[in-house]
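Summary of structural features
Below, each chain spelled out in residue letters.
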Amino acid sequence: MTTDLLLVFPYFFDGRSKHWQFPPLGIGYIASYVRERGYKVRILDCTFLDRKEAEERIRRERARVVGIYSMLSMVRTAKELAAHAREVSELVVAGGPMPSAYPSMFLGAFDAVVQGEGEITVAELLDAMDGRSEPKFGRVKGVWLASHLNGGKIEHTGPRPLVRDLDSLPFPARDLYDHQLYQSYYRNNFGYAMTSMIASRGCPFSCDFCWRPDYGRIYRYRSPEKIAEEMEEIRYRWGYERIWFADELFIASKKHVLKLCDEIVKRGIDVKWECLSRVDLFDAEIARAMKRAGCYKVIFGLESGDDYVLNALMKKRITVAQSKAAVAAAKRAGIKVGAFFILGYPGETSETMLKTIKLASSLPLDYFSITIPYPLPGTGLYERVKDRMETFEWEKPMHGWDHRLLFRHDFSLEKLRYGMWKARLQWKLRRKLRPLYILLKPYELYTDWRFKRMV
């Protein structure tokens, strides 16, 4: 039986370091939705493949339609795989954050771009090809058509409305993932198996550096019953012990989160989970409820140790005091805490960066990540530095110290790397020495002085 749709996730894990790896949720949702309409669907997840094997599988599958996902770090790979798909398939489509934000960047290599949420759009494209509906792609909303499909001109068919009722979508087609590969990777590297799911889509906040071209600003959440049901499937059908909630904003409604925690407890789901949260939406009541429901780690986007940077530059709409309070509430409830920080945001000074270093290294964090700013296309940050961009090729750093600047910065990369190193070292020493860390205060002051003198 001919494959109607092959969905490709063009990420190749090189094994250089231990990072979380998850099956691609977005194309899993598309696969399940399209399959419910009677189409044969397969997923090509390249995470644990080599390039040659992926290319051979695309040619061997000979699917009628090939859909290839792309985010910023996958643009080149997505286009290269599209060239192989066009040799054997009737229609090659791009989707994901980058195609949604910059469709014209992909229309030379692809026949069409699906913009925004893809479940309904991809199904309607297949319907148009299959004669189930008006056989014109121009009737399918949410698509950019390449000129060769549209009489010599590029056409946008109009926006696709967001899926308002997330409960109407079937669970991701997890039977199409290779769970053995993922579980083996996790157990070998971390001692447990973890996978991801989402409880919501969208985020109503407007952080300066954040990019959301696919799920938008309208926040929508699934019912507690549906979320808990999927957690049960992940735990008892697929055998994962831990779940990462990949939501942009897991806690938006306190009432909803408390109901979800009650549902998890009521069902007795034996699974640990973790999530992201804003500090201004997290309090002691939520912390206790989440802990009772199996949450073992929460990660906050603290970003900076200076209120001016947080609000005037980053548009985070939080304060350092709120950051400290949220971390304290989680720790009191027995939840591990992680945090993200950005060092060297445009407009910062040496003094504001030292505040961030001090905050990151002094809070009782179990984990933190500190990076330099990466201007993603479509963000306020990108608009402010686009005239200073030196490259658009982004690759995930192998280690915490091999970041590279994508734009001409006010400070040298060496200074920023030194600041990140200093934050991590102070954090490690504080955790190890505890009260005895006071003996290293002169060294901290010396490295502060050295940091200020660097350009």
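What follows is about the environment of cysteine 207. Position of cysteine 207 among the secondary structure elements: in the loop between strand 9 (200–201) and strand 10 (220–221). For cysteine 207, a relative accessible area of 13% puts it in the buried group. Put simply, cysteine 207 and glycine 380 are 173 residues apart on the chain and 8.2 Å apart in space, counted from C-alpha to C-alpha. When residues no more than four places from it in sequence are discounted, the contact partners of cysteine 207 are Arg278, Met314, Lys315 and Lys316.

Within the structure shown, the criterion is met by 25 aromatic pairs. Between phenylalanine 9 and tyrosine 69, the ring centres sit 5.6 Å apart and the planes meet at 45 degrees, which makes this aromatic pair tilted. With phenylalanine 9 in strand 1 (residues 5–9) and tyrosine 69 in strand 3 (residues 65–69), this pair connects stretches of sequence that are 60 residues apart. Assessed through its relative accessible area of 11%, phenylalanine 9 is described here as buried.

Summed over the entire model, instances satisfying the criterion amount to 29 salt bridges. In this structure, the salt-bridge partner of lysine 422 is aspartate 448, at a minimum N-O distance of 2.7 Å. Taken together, the positions of lysine 422 in helix 14 (residues 413–433) and aspartate 448 in helix 15 (residues 441–453) put the pair 26 residues apart, joining distant regions of the chain. By the burial criterion, lysine 422 is buried, and aspartate 448 matches it. A single salt-bridge network, built from bridges that share partners, covers Glu117, Glu119, Arg201 and Arg220.

So, on to the sheet that holds strand 4 (residues 91–95). An order of 2-1-3-4-5-6-7 is seen for the seven strands of this open sheet, with the pairing classed as mixed. Strand pairing shows two members of the sheet lacking a second neighbour, strand 2 (41–45) and strand 7 (155–156), which therefore form its edges. Both strand 6 (residues 143–145) and strand 7 contribute to a ladder of two bridges, which runs antiparallel. Looking at strand 7, one finds that tryptophan 144 is bridged to histidine 156. Strands strand 1 and strand 2 of the sheet are contacted by helix 2 (residues 51–61), whose axis makes an angle of about 165 degrees with strand 2. Against the sheet, helix 3 (residues 75–86) contacts strand 1, strand 3 and strand 4, and its axis sits at roughly 175 degrees relative to strand 3.

This part covers a positive patch on the surface. On the surface, Lys272, Lys291, Lys336, Arg431 and Arg434 cluster together into a patch of positive charge. Mapped onto the secondary structure, lysine 272 falls in strand 12 (residues 272–277).

Relative to the assigned elements, arginine 164 resides in the loop between strand 7 and helix 6 (179–189). Sequence-wise, arginine 164 and arginine 201 are 37 residues apart; in three dimensions their C-alpha atoms are separated by 9.6 Å. Aside from chain neighbours lying at most four places away, what touches arginine 164 is Ile218 and Arg220.

Now for the side chain of threonine 3. Following the sequence through the fold, threonine 3 ends up in the segment before strand 1. Judged by relative accessible area, which is 1%, threonine 3 ranks as buried. Ignoring any residue separated from it by four or fewer positions in sequence, one finds threonine 3 in contact with Lys40, Arg42, Glu61, Ala63 and Arg64.

Turning our attention to the confidence of the model for the chain. Caution is warranted with low-pLDDT regions, since their predicted coordinates should not be read in detail. Mean pLDDT over the chain stands at 93; residues scoring 70 or higher make up 96%. Between residues 397–401, whose pLDDT stays under 50, and residues either more than four places distant or in other chains, the model counts 12 contacts.

The computed volume of the second largest pocket comes to approximately 350 Å³. Surrounding the second largest pocket, 16 residues form its lining, Ile43, Leu44, Asp45, Arg57 and Leu176 being those nearest its centre. Only strand 2, helix 2 and helix 6 provide two or more residues apiece to the lining of the second largest pocket. Ranked by residue count, the leading element in the lining of the second largest pocket is strand 2, at five residues.

Calculation notes
- Residues numbered from 1 in each chain as written.
- Predicted model: local features only at pLDDT ≥ 70, side-chain atom pairs only at ≥ 80, totals over all residues.
- Heavy atoms only, no water.
- Helix = DSSP H or I, 4+ residues; strand = E, 2+ residues; numbered from the N terminus.
- Buried < 20%, exposed > 50% of the residue type's maximum accessible area, 1.4 Å probe, protein only.
- Contact = heavy atoms within 4.5 Å.
- Phe/Tyr/Trp six-rings, centres within 6.5 Å; stacked < 30°, edge-to-face > 60°.
- Salt bridge = Lys/Arg side-chain N within 4 Å of Asp/Glu carboxyl O.
- Pairing = 2+ DSSP bridges.
- Axes fitted to C-alpha atoms, helices over the stretch in contact; angles between N-to-C directions.
- Patch = residues over 30% accessible without salt bridge, like charges linked within 9 Å, V, L, I, M, F, W, Y side chains within 5 Å.
- Areas by Shrake-Rupley, 256 points an atom, 1.4 Å probe, with all protein chains shown as cover.
- Lys, Arg positive; Asp, Glu negative; His and termini not counted.
- Charge placed at Lys NZ, Arg CZ, Asp CG, Glu CD.
- pLDDT = per-residue confidence, 0-100.
- 1 Å grid on protein atoms, 1.4 Å probe; cavity = no way out; pocket = protein on both sides within 12 Å on 5 of 7 lines; lining within 4 Å.
- Points joined across faces, edges and corners; volume = space filled by probe spheres on them.

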